[in-house]
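Coordinates in review
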Protein chains: 12
Amino acid sequence: MADFVYKQIELTGTSKTSVEDAVQSAIAKASKTVHHIQWFQVMEIRGSVEANKVGYWQVILKVGFKLED
Amino acid sequence: MADFVYKQIELTGTSKTSVEDAVQSAIAKASKTVHHIQWFQVMEIRGSVEANKVGYWQVILKVGFKLED
Amino acid sequence: MADFVYKQIELTGTSKTSVEDAVQSAIAKASKTVHHIQWFQVMEIRGSVEANKVGYWQVILKVGFKLED
Amino acid sequence: MADFVYKQIELTGTSKTSVEDAVQSAIAKASKTVHHIQWFQVMEIRGSVEANKVGYWQVILKVGFKLED
Amino acid sequence: MADFVYKQIELTGTSKTSVEDAVQSAIAKASKTVHHIQWFQVMEIRGSVEANKVGYWQVILKVGFKLED
Amino acid sequence: MADFVYKQIELTGTSKTSVEDAVQSAIAKASKTVHHIQWFQVMEIRGSVEANKVGYWQVILKVGFKLED
Amino acid sequence: MADFVYKQIELTGTSKTSVEDAVQSAIAKASKTVHHIQWFQVMEIRGSVEANKVGYWQVILKVGFKLED
Amino acid sequence: MADFVYKQIELTGTSKTSVEDAVQSAIAKASKTVHHIQWFQVMEIRGSVEANKVGYWQVILKVGFKLED
Amino acid sequence: MADFVYKQIELTGTSKTSVEDAVQSAIAKASKTVHHIQWFQVMEIRGSVEANKVGYWQVILKVGFKLED
Amino acid sequence: MADFVYKQIELTGTSKTSVEDAVQSAIAKASKTVHHIQWFQVMEIRGSVEANKVGYWQVILKVGFKLED
Amino acid sequence: MADFVYKQIELTGTSKTSVEDAVQSAIAKASKTVHHIQWFQVMEIRGSVEANKVGYWQVILKVGFKLED
Amino acid sequence: MADFVYKQIELTGTSKTSVEDAVQSAIAKASKTVHHIQWFQVMEIRGSVEANKVGYWQVILKVGFKLED
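Calculation criteria
- Residues numbered from 1 in each chain as written.
- Chains lettered and ligands numbered in written order.
- Predicted model: local features only at pLDDT ≥ 70, side-chain atom pairs only at ≥ 80, totals over all residues.
- Heavy atoms only, no water.
- Contact = heavy atoms within 4.5 Å.
- Buried area = accessible area lost by both parts, 1.4 Å probe.
- Polar contact = N/O pair within 3.5 Å; in protein donor to acceptor, adjacent residues only side chain to side chain.
- Helix = DSSP H or I, 4+ residues; strand = E, 2+ residues; numbered from the N terminus.
- Nonpolar A, V, L, I, M, F, W, Y, C, P; charged D, E, K, R; others polar.
- Buried < 20%, exposed > 50% of the residue type's maximum accessible area, 1.4 Å probe, protein only.
- Pairing = 2+ DSSP bridges.
- Lys, Arg positive; Asp, Glu negative; His and termini not counted.
- Salt bridge = Lys/Arg side-chain N within 4 Å of Asp/Glu carboxyl O.
- Least-squares fit on C-alpha atoms with pLDDT ≥ 70 in both.
- Expected span 1.5 Å × (residues − 1).
- Phe/Tyr/Trp six-rings, centres within 6.5 Å; stacked < 30°, edge-to-face > 60°.
- Lys NZ or Arg CZ within 6 Å of the ring centre and 35° of its normal.

The parts lose accessible area when they come together, and the size of an interface is often stated as this lost area. Tallying the contact residues gives 13 residues for chain C and 15 residues for chain A. When chain C packs against chain A, the two sides together hide about 1200 Å² of surface, and 59% of this comes from carbon and sulfur. For the chain C face of the interface with chain A, the top three residues by lost area are E20(C), Q24(C) and F40(C), together amounting to 44%. Our count for the chain C to chain A interface comes out at six residue pairs in polar contact (both at pLDDT 80 or more). Elements represented by at least two residues in the side of chain C that touches chain A include exactly α1 (19-30) and β2 (37-50) of chain C. The biggest single contributor to the side of chain C that touches chain A is β2(C), with seven residues. In terms of residue class, the side of chain C that touches chain A is built from eight nonpolar, four polar and one charged.

All names here are of chain E. Among the 14 residues of strand β3 (residues 53-66), 10 are classified as buried, and the element is accordingly described as predominantly covered. Where strand β1 (residues 5-15) and β3 come together, 10 bridges link them in antiparallel fashion. From the neighbouring strand, G13 faces β3, where its bridge partner is V59. The sheet contact formed by strand β2 (residues 37-50) and β3 spans 12 bridges and is antiparallel. Note that in β3 the partner of F40 across the bridge is V63. Counting the residues in the hairpin turn of β2 and β3 gives two residues, including A51, whose phi is positive at 55°.

It is worth spelling out the side chain of E20(B) at this point. Turning to its location among the elements, E20(B) is positioned in helix α1 (residues 19-30). Buried and unpaired, E20(B) has K53(C) as its nearest opposite-charge partner, separated by 15 Å. With near-sequence residues (within four places) excluded, E20(B) lies in contact with E20(A), T17(C), S18(C), V19(C), E20(C) and W57(C).

Positive phi outside glycine occurs at N52(D), with the angle close to 65°. Along the polypeptide, N52(D) turns up in the loop between β2 (37-50) and β3 (53-66). Since its relative accessible area comes to 34%, N52(D) is described here as partly exposed. Positive phi, normally seen in glycine, also occurs at H36(L), with a value near 65°. For H36(L), the location among the structural elements is in the loop between α1 (19-30) and β2 (37-50).

This part takes up the relation of the copies chain C and chain A. Overlaying chain C with chain A gives an RMSD of 0.0 Å, the required rotation being 120° about an axis along which the chain moves by 0.0 Å. Here the two chains are linked by the operation of a three-fold rotation axis. Considering only C-alpha atoms, the residue of chain C closest to the rotation axis is V19(C), which sits at 4.9 Å. A share of only 15% of interface residues in chain C that are also interface residues in chain A marks the association as one of differing surfaces.

Before going further, it helps to examine the interface of chain K and chain E. Between chain K and chain E, the contact holds 13 residues from the first and 15 residues from the second. Taken together, the two surfaces of chain K and chain E that pack against each other cover about 1200 Å², and 59% of this comes from carbon and sulfur. Per-residue buried area on chain K facing chain E is highest for E20(K), Q24(K) and F40(K); these three make up 44% of the total on that side. Where chain K packs against chain E, one counts zero salt bridges. Put simply, chain K and chain E have six residue pairs in polar contact (both at pLDDT 80 or more) between them. Listing elements by their share of the side of chain K that touches chain E, those giving two or more residues are α1 (19-30) and β2 (37-50) of chain K.

This paragraph deals with the side chain of T14(E). Position of T14(E) among the secondary structure elements: in strand β1. Separated by 2.6 Å, the side chain of T14(E) and the backbone oxygen of F4(D) make a polar contact.

With 12 residues, helix α1 (residues 19-30) of chain A extends 17 Å from end C-alpha to end C-alpha; this agrees with the ideal 16 Å at 1.5 Å per step. Listing the buried residues of α1(A) in full gives V19(A), E20(A), A22(A), V23(A), S25(A), A26(A), I27(A), K29(A) and A30(A).

This part takes up the packing of aromatic side chains. Scanning the model with the defined rule gives 24 aromatic pairs over all chains in all. Between W57(A) and F40(C), the ring centres sit 5.3 Å apart and the planes meet at 75°, which makes this aromatic pair edge-to-face. Taken together, the residues W57(A) in strand β3 (residues 53-66) and F40(C) in strand β2 connect one chain to another. Taking the ring centre of F4(A) as reference, the NZ or CZ of K66(A) above it sits at 3.9 Å.

Glancing now at the pattern of salt bridges. Using the criterion set out here, one finds 24 salt bridges over all chains in the structure. The partner of E10(B) in a salt bridge is K62(F), with the nearest N and O atoms 2.7 Å apart. Taken as a pair, E10(B) in strand β1 (residues 5-15) and K62(F) in strand β3 (residues 53-66) lie in two separate chains rather than in one. No difference in accessibility class separates E10(B) from K62(F), as the two residues are buried. In this structure, E44(G) and R46(G) form a salt bridge, with 2.9 Å as the shortest nitrogen-oxygen distance. Each member of the pair, E44(G) together with R46(G), is buried.

Right under this line is the structure:
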């Protein structure tokens, strides 16, 4: 019986409001094609600036999920 | 007269709501056994995913405090 | 016709409320002397602790802007 | 005639016995959907602890393979 | 209306002539299966040596593209 | 009801035989004073050399455990 | 007599043709306002992609120059 | 017979005079509660500035010691 | 009332005698054009060698100061 | 009387069986030309894949030895 | 029959024209004393500036070769 | 006419008194077998502890020198 294997993919979630919302956005999007997402890891937080304010929060994250048998 | 010496310990705070809340949670917990916490430094932001949403924000941080004489 | 050149400067924004607010604070301040800020990148998140709570969120970030001709 | 292009994907192999076995496990799993795996690179070694012993070795690795024409 | 989400994949482009050519090679290859590639980031530059000259430039890069709705 | 908080401590396990054994050794030792160890992360693998062979494997690892209420 | 002090600033040079040209572009631009540039250090190589080709090479570099007395 | 296990703790030593003195200060302080300190590793050198001079050298270091049986 | 914002600049201080002196040299120089320097962080220690001895200690540091209103 | 000086060289040991064996292989080879090897440090673990199994474990390590007078 | 062992040495190649040329220069030089160079890895790209142009490209690279029996 | 090529070797200098002295010690030793040392770069500062004081400062550094024709 084989042990579990997981795959991690790297995404950039964006949001006009917060770091947390950008992460949620990426996970929601990924879950449309990938099942069983179990964890994420933020790799970098950056963003665009428009009119001297943050335009979009851009959060680069890894998302991990179990590979199905 | 000796100069000050500080100690840093590493914690993981968790929260269902935000990065900030996870940090506050860790500091609150640590302050029950450690006095004089003066600063923190976020080392990593990660989390669990449940039903395609963030379950828990897990923030790994260092907390620094002055060693008493 | 020359290609664009950008400059990045490093700032620390502070806020009593959130990581996002500290970033906004730094961008607002920088925009008083620098024009055309286009992006930012968070380098580090740290802060002070007062009375067992976060006193100030201190977010070290790079801010990038186009150098004018 | 174009030069070769490779793709790297990131996996987490797990094993109850050893680091080596966790790597083998991830490669075996990946080879079911990806052909021509040529190399791997260990990114991180971690694991779970159960009853004061290592429960699972979790090895995060990148696996590289040639993209077919 | 959801914010944009991007995915980054990691490739190794190769070329007998230059770093730039290896990057172009990887982007050209990736664009056959992935649409809307918007940016890349070089992660590492290495290569093979044959007869005391560079045989192949091997450039490891990340390629970012918008996930379609 | 507060969220969980974890603490990580850094150890160096040693073994004459293997990386795995050095990790097990550190966890076994730590479990004598710390309860509820849940995970570990290998930070560095090094060792001593004696008579042209590995004398001791020295594995630096972080061990994480839940802080009790 | 004081020892020399240097300042480093961070720029992003861009070019449609090559990494080298992007670096030259940044140095040329910086030299309009800063004198005595003596060295540079490439921090990151990235770029935009347009129509499945590199649009702009974006090279982030530090430029060092002696502070005048 | 079990192999040795070491623990590393992270401290910040401070000194008005030198990096070396800040390290000595941290080791002296730590040795009041921890026995058998065997090595240290400097992680970061920073400091405060007062009246355009270094106020305090702040040296972040790890200190390693053998865990007693 | 806005929160404080700080700026960090990167310098290289040099000295024929010591790391500490090179840092002092850079801070002294910077303080001629920048007010309110509050902290520094050593990024790298390197130097030139002349006649098999250290010629100049070159210490790359960041210097942080509060931006005035 | 001069203090000791050590030199570190970087090797890649290979093995068909394990990480440990690859390290031993590199140390054994190095000891044929270098005396007094005292320690090693693993820098990276990678390997080749053949027929969906690890072909060779390739362990990049630094080996340290005392320079003789 | 022993497995292969490789050695990596670190060089800085220089060139007035390009990154690629600086790498070739270093490999050519190294091959006069070292046989069987098989690969290289670029560690850093920097250079000197003369009269507001790149004077020399300085590419720090590791060069790997098989140790002969 | 070929461009210059440099080689970097990694050493650990030791001293009972200071970081600077440990660096000088390593350079002095290396200069007995290597000519034309031009620069050094400190990679890590660590040391042994004896009787609750620093026993030896151990400074890991790279030393660069021009390869002769």
